[in-house]
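Each chain, letter by letter, is given below.
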Amino acid sequence: MSAEKKSADFEELLATYSAHVSESYPAPERFRENLARMLEAKKERRSSGAYVDSLEKNLVFLVDLIAEGEAYLELVLGRVNDAGLTSGEISRTIGEMEGRVRASTSRRRTELLGPGAGGELAALAALRGGEGKAYLEKLEFDYIYHMTMRLLLFEFFNILAAVREEYVVERVDEAAFGLALVHVEMTANYYLGNISVGGIVPDAGRP
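Residues numbered from 1 in each chain as written. Predicted model: local features only at pLDDT ≥ 70, side-chain atom pairs only at ≥ 80, totals over all residues. Heavy atoms only, no water.

## Quick word on the packing of aromatic side chains
Piece 1. Tallied over the full model, the rule gives 7 aromatic pairs.
Piece 2. Where Y25 meets F31, the ring centres are 6.3 Å apart and the plane angle is 50°; that geometry is what we call tilted. There is no split in this pair, since Y25 and F31 are both buried.
Piece 3. Among the aromatic residues, those joined into a ring-pair cluster are Y25, F31, Y190 and Y191. (Phe/Tyr/Trp six-rings, centres within 6.5 Å; stacked < 30°, edge-to-face > 60°. Buried < 20%, exposed > 50% of the residue type's maximum accessible area, 1.4 Å probe, protein only.)

Take a look at the structure:
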């Protein structure tokens, strides 16, 4: 019962998330090396056309999955202490979300990367079909970024579900969702070498 649970501040939840990522993931330099090796292995196994095709499909999947995940995170945070929302339900919903997004990837690829496409990948779509390496470099950059965001966003769900089992999470107000997203984004940018270690703090993103 929730009455038997201890209390945890939302800031403590963010700190727990950061500590978990720090303990569970390789150091940022090694993390980036692993991603580079992964891309190189993909490139070696495929023709240049198949490599681009694979990255495009996966990138579109990741973009839409992150968007769905962020929307669901807002809902879960709004019910963070609701005993009716179980960890099993959260896990099932995420699995259903992944299946739904994967089923729409082909259609969404045309929408996001086709001629004149707008949206989150508009800058990438504008380079598609051009000469030189600009499109491939941007495609690889976007793929790595979104893959890292996907990993760390869904890691936040894991921590949130675990904390809910033992604690009543306090101070989850209307600002909590935005603060959580900023925290995940800053963590992703830290691991990708875009910000220094000082950027990852429990109150990241506060004015």
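## Re unusual backbone geometry
Piece 1. One non-glycine residue, R171, lies in the positive phi region at around 60°.
Piece 2. Inspection of the secondary structure assignment puts R171 in the loop between β2 (167-170) and α8 (176-191).
Piece 3. Residue R171 is classed as exposed on the basis of its relative accessible area of 52%. (Helix = DSSP H or I, 4+ residues; strand = E, 2+ residues; numbered from the N terminus.)

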